[in-house]
There are 2 protein chains.
Amino acid sequence: MPDTRRSLPVAQAAVRVRRDAAANADRVLAAAMRLVQAGGVDTLTMDRVAAEAGVGKGTVFRAFGNRSGLLAALTDETEREFQQAFLSGPPPLGPGAPPLDRLLAYGEGRLGLQRVHGAIFRAMHGTPIDRFEVPARKVSVTHVRMLLRQCGIDDALDVITEAVLGPLDSDTAYHLSVERGLGRERLVDDWKTMVRRLVD
Amino acid sequence: MPDTRRSLPVAQAAVRVRRDAAANADRVLAAAMRLVQAGGVDTLTMDRVAAEAGVGKGTVFRAFGNRSGLLAALTDETEREFQQAFLSGPPPLGPGAPPLDRLLAYGEGRLGLQRVHGAIFRAMHGTPIDRFEVPARKVSVTHVRMLLRQCGIDDALDVITEAVLGPLDSDTAYHLSVERGLGRERLVDDWKTMVRRLVD
DNA sequence: TCTGCAAACGGACCATAGTCCGTTTTTCTT
DNA sequence: AAGAAAAACGGACTATGGTCCGTTTGCAGA
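Since we're looking at a predicted model, the values are computed, not measured.

Reading guide: rules and limits
- Residues numbered from 1 in each chain as written.
- Chains lettered and ligands numbered in written order.
- Predicted model: local features only at pLDDT ≥ 70, side-chain atom pairs only at ≥ 80, totals over all residues.
- Heavy atoms only, no water.
- Domains from an automatic or database assignment.
- Buried area = accessible area lost by both parts, 1.4 Å probe.
- Nonpolar A, V, L, I, M, F, W, Y, C, P; charged D, E, K, R; others polar.
- Near = heavy atom within 4 Å.
- Polar contact = N/O pair within 3.5 Å; in protein donor to acceptor, adjacent residues only side chain to side chain.
- Helix = DSSP H or I, 4+ residues; strand = E, 2+ residues; numbered from the N terminus.
- Least-squares fit on C-alpha atoms with pLDDT ≥ 70 in both.
- Contact = heavy atoms within 4.5 Å.
- Axes fitted to C-alpha atoms, helices over the stretch in contact; angles between N-to-C directions.
- Parallel < 35°, antiparallel > 145°, perpendicular 65-115°, else oblique.
- Salt bridge = Lys/Arg side-chain N within 4 Å of Asp/Glu carboxyl O.
- Buried < 20%, exposed > 50% of the residue type's maximum accessible area, 1.4 Å probe, protein only.
- pLDDT = per-residue confidence, 0-100.

Novice: Is there a simple way to explain the domain arrangement of chain A in this structure?
Specialist: Interfaces are frequently sized by the accessible area removed from exposure as the parts join. All names here are of chain A. Domain assignment breaks chain A into domain 1 (19–65) and domain 2 (74–199). Centre-to-centre, using C-alpha coordinates, domain 1 lies 29 Å away from domain 2. If you sort the residues of domain 1 by the area they bury against domain 2, M33, V36 and V41 come out on top, with a joint share of 74%. For the side of domain 1 that touches domain 2, the class distribution of residues is 5 nonpolar, no polar and no charged.

Structural data, given as structure tokens:
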């Protein structure tokens, strides 16, 4: 949990990672990918991943904190790319486009990610670690908040941000699009409708 | 999980409950209340509650399905009262007031419940059981959906319902009001602002 | 009241996340 | 190059939710 090595937002402060630790983390990550690929996220147990990686269980926990952390690491690269895109990529997702357009693009992009990593995202929430503390989420909150303000919203900003983010949450998106049968496309459209309505 | 005896919405279908089973369920519930009162929700383990109630662990699980179910049962009475109030109580919560007023009252009431049962609600989400399947939530969704429609919304209804409900979720409400320091009052006000903005 | 059986009981058992600590390895200093 | 301090290792151990199944019990029909 105190492990900052793999956190997304801030550049790592040259904490001198021991070579064996780094190598083991890589092996664990690779093993985890293999397991997920082979049997889905549910088959990923900490014991199994340790065995598959050929390291002790303690090593897995030291490197990734807990199961959520390991799962998060699996989505790390994708998440990093997405962040890069909305923070500094080309419009409409990145800077340059009007804020509303950027916001709409953000939602569409985020929901697109669910198609790829949805099962992992959902599994992450299974563990006690509360989702508000996930670094990637904080970045998103800040970003969406900023866009909303640029759209002219300044009352109730925090609450509105959560409301906007709500349907993009992996569990909620899955529930709406799959369990309630809305469908991916429709979900994206409806989310945009909602945002437009909110923003005026 | 298949246990319908204690579910909120539908009237129980006279399933002939054996006397010992009913008595045990009561004892378990009482024991659970005692434990929560004494040491908080985190100290409520299934083993402990079984011991405290003087029954076997299996009995606890048969009666309540899982930990979430037991926790839900603890909030049952309060939840039932609230449901009764918004379904058929006096305005502005109940029928008779304009839909927007009812909606605003609903949010305020729901957030008020968090003050009482917040810790339990939050603990319920800790377990795998997904929150969309909780009967009480379904009732709320239906209710809020209806009010929103009466307020003139008919596009993107499902998504908007989730967005509106999002900040009322126990985890989110806790995060906003406590961890981010918004405060209870402010949260209620801001939620209302958001809803008004959404509804026009 | 007796009897058969469906339902409930209970606690041993299992799976799994997470912790602890004695041992091993790396890396820094001299 | 050697030694010591720091960091990482690994696997036994703990806590806990949930399952299983042989045994007991309540209830209906005779």
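Novice: For this particular structure, what's the right way to read the protein's contact with DNA strand C?
Specialist: Taken together, the neighbourhood of DNA strand C is formed by 22 residues, with A:K57, B:R18, B:N24, B:T59 and B:R62 sitting nearest. Within the side chain of A:R16, a nitrogen or oxygen atom sits 2.9 Å from a phosphate oxygen of DNA strand C. One nitrogen or oxygen atom from the side chain of B:N24 is found 2.4 Å from a phosphate oxygen belonging to DNA strand C. Elements with a minimum of two residues in the surface near DNA strand C: helix 1 (19–39) and helix 3 (57–64) of chain A together with helix 1 (19–39) and helix 3 (57–64) of chain B. Element by element, the count of residues in the surface near DNA strand C is highest for helix 3 of chain B, at 4 residues.

Novice: Hey, could you run me through the relation of the copies chain A and chain B in this one?
Specialist: Two copies of the chain are present, and they differ by a rotation about an axis and a shift along that axis. Laying chain A over chain B is done by rotating through 180° and shifting 0.0 Å along the axis; what remains is an RMSD of 0.1 Å. With respect to symmetry, the two chain copies, as superposed, fit the operation of a two-fold axis. A shared interface surface links the copies, since 100% of the contact residues of chain A are contact residues in chain B too.

Novice: Looking at this structure, I do not really get the packing of helix 1 of chain B against helix 3 of chain B. What am I missing?
Specialist: The description of two helices packed together rests on the angle between their axes and the distance between the axes. All names here are of chain B. One way to put it is that helix 1 packs onto helix 3 with a least axis distance of 10 Å and a crossing angle of 100°. The angle between helix 1 and helix 3 falls in the class roughly perpendicular. Listed contacts from helix 3 to N24, A25, V28 and L29 of helix 1 are T59, V60, A63 and F64. For the contact of helix 1 with helix 3, a count of residues per class yields 6 nonpolar, 2 polar and no charged.

Novice: Sorry, what's going on with the interface of chain A and chain B here?
Specialist: Taken residue by residue, the interface counts 33 residues in chain A and 33 residues in chain B. A buried area of about 2800 Å², summed over both sides, lies between chain A and chain B, and 62% of it is on carbon and sulfur atoms. B:R131 is the salt-bridge partner of A:D169, the closest N and O atoms lying 3.6 Å from each other. Linking chain A to chain B there are 2 residue pairs in polar contact (both at pLDDT 80 or more). Where the side of chain A that touches chain B is concerned, the elements lending two or more residues are helix 7 (135–150), helix 8 (157–165), helix 9 (170–179) and helix 10 (184–199) of chain A. In terms of residues, the side of chain A that touches chain B owes the most to one element, helix 10 of chain A, which gives 8 residues. Classifying every residue of the side of chain A that touches chain B gives 15 nonpolar, 4 polar and 14 charged.

Novice: What is the right way to look at the environment of B:D158 in this model?
Specialist: Among the secondary structure elements, B:D158 is positioned in helix 8 (residues 157–165). Taking relative accessible area as the criterion, B:D158 reaches 16% and is therefore assigned buried. Through-space distance from the C-alpha of B:D158 to that of B:T142 is 9.8 Å; in sequence the pair is 16 residues apart. Beyond its immediate stretch of four places on either side in the chain, B:D158 contacts A:L176, A:R180, A:L182 and B:R145.

Novice: Just checking my understanding: could you explain the confidence of the model for chain A for this structure?
Specialist: It should be kept in mind that the predicted coordinates are not to be read in detail where pLDDT is low. Scored by pLDDT, chain A comes out at a mean of 89, with 90% of its residues at no less than 70. The low-confidence segment residues 1–13 of chain A, where pLDDT is below 50, has 18 contacts with residues more than four positions distant or belonging to other chains.

Novice: What should I look at first to understand the pattern of salt bridges in this one?
Specialist: Pairing is possible between side chains that carry opposite charge, provided their charged atoms lie close to one another. Counted under the stated rule, the structure contains 26 salt bridges over all chains. The salt bridge partner of B:R145 is B:D158, with a shortest N-O separation of 2.1 Å. Residue B:R145 is found in helix 7 (residues 135–150), and its partner B:D158 is found in helix 8; the two are separated by 13 residues along the sequence. Of the two residues examined, B:R145 and B:D158, each falls in the buried class. Among the ionic pairs, B:D190 bridges to B:R186, the shortest N-O distance being 3.1 Å. Here B:D190 pairs with B:R186, and both are found in helix 10 (residues 184–199), just 4 residues apart, close to one helical turn. Note on B:R186: relative accessible area 42%, which makes it partly exposed. Each of A:R145, A:D158 and B:R180 takes part in salt bridges that share partners, so that together they form one network.

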